[in-house]
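# Architecture at a glance
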Amino acid sequence: MPHLTVVERDYVNLAHRFNSLGPGVKEHGVEDHGIDMDVADLYDEFAKTVPAYEWNGHRYPSLVDAVDAANFVLFFAPESNGEVAYRGFKERERQVGLPLVDLAESYRGVRYDFADLGKQLAAS
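The following paragraphs examine the structure supplied in this document. Computed from a predicted structure; not experimentally measured. (Residues numbered from 1 in each chain as written. Predicted model: local features only at pLDDT ≥ 70, side-chain atom pairs only at ≥ 80, totals over all residues. Heavy atoms only, no water.)

### Brief notes about the nonpolar core
- Judged by nonpolar contacts, the single largest core of 17 residues is most densely connected at Leu 21, Val 25, Phe 46 and Phe 76.
- With three residues, helix H3 (residues 40-49) is the single largest residue contributor to this core.
- In contact with Leu 21, other than residues within four places in its own chain, are Tyr 43, Phe 46, Tyr 60, Pro 61, Leu 63, Phe 72 and Phe 76. (Core = buried A, V, L, I, M, F, W, Y, C linked by side-chain atoms within 4.5 Å. Buried < 20%, exposed > 50% of the residue type's maximum accessible area, 1.4 Å probe, protein only. Helix = DSSP H or I, 4+ residues; strand = E, 2+ residues; numbered from the N terminus. Contact = heavy atoms within 4.5 Å.)

### Examining the pairing of strand E3 (residues 52-55)
- Only one face of E3 is covered, namely the one carrying Tyr 53 and Trp 55; the face carrying Ala 52 and Glu 54 has none of its residues buried.
- Here E3 runs beside strand E4 (residues 58-61); their pairing, made up of four bridges, is antiparallel. Each residue of the ladder has a partner; that of Ala 52, found in E4, is Pro 61.
- The antiparallel pairing of E3 with E4 creates a hairpin that spans two residues between the two strands, and Asn 56 there sits at a positive phi of about 55°. (Pairing = 2+ DSSP bridges.)

Next up, the structure:
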C-alpha cells in the first residue's frame, strides 16, 4: 500500500489568501539561492505602502492590484532592494567565512518599485 497523507485545504479562504500577503513572509523570511533572510521589519514597512486587505479578523498587505503585487516581488527581491541583497551577502558571509558584505554595502539604500522601472524604460 502506498504511503498516503491527508492534506487539509482551506478552499473557502483561497481567494483571500491569494489577494493578501500573509504573515508567513514576516515569520519565516524569504529565501534566495539557498540563503534565508529575515525580513520581518521590511514586511511592516511594505504594509505601510499598500492598502490593507482584511479577512478572518486580520489585516494584511493587499495584493489585489497588479501593481501592488509587482511591488511586493520587487520589494523583497535582492535584485531590486539593496537592503535584502545586503542581508543575503551577510548571511552567505556567515556561512562561508569569507568577507562578502562589502559587495552590497554601497547598494544598501537602493530600492526599485514598479513606477521606477517604468521611468527607466522611458528615459532610455
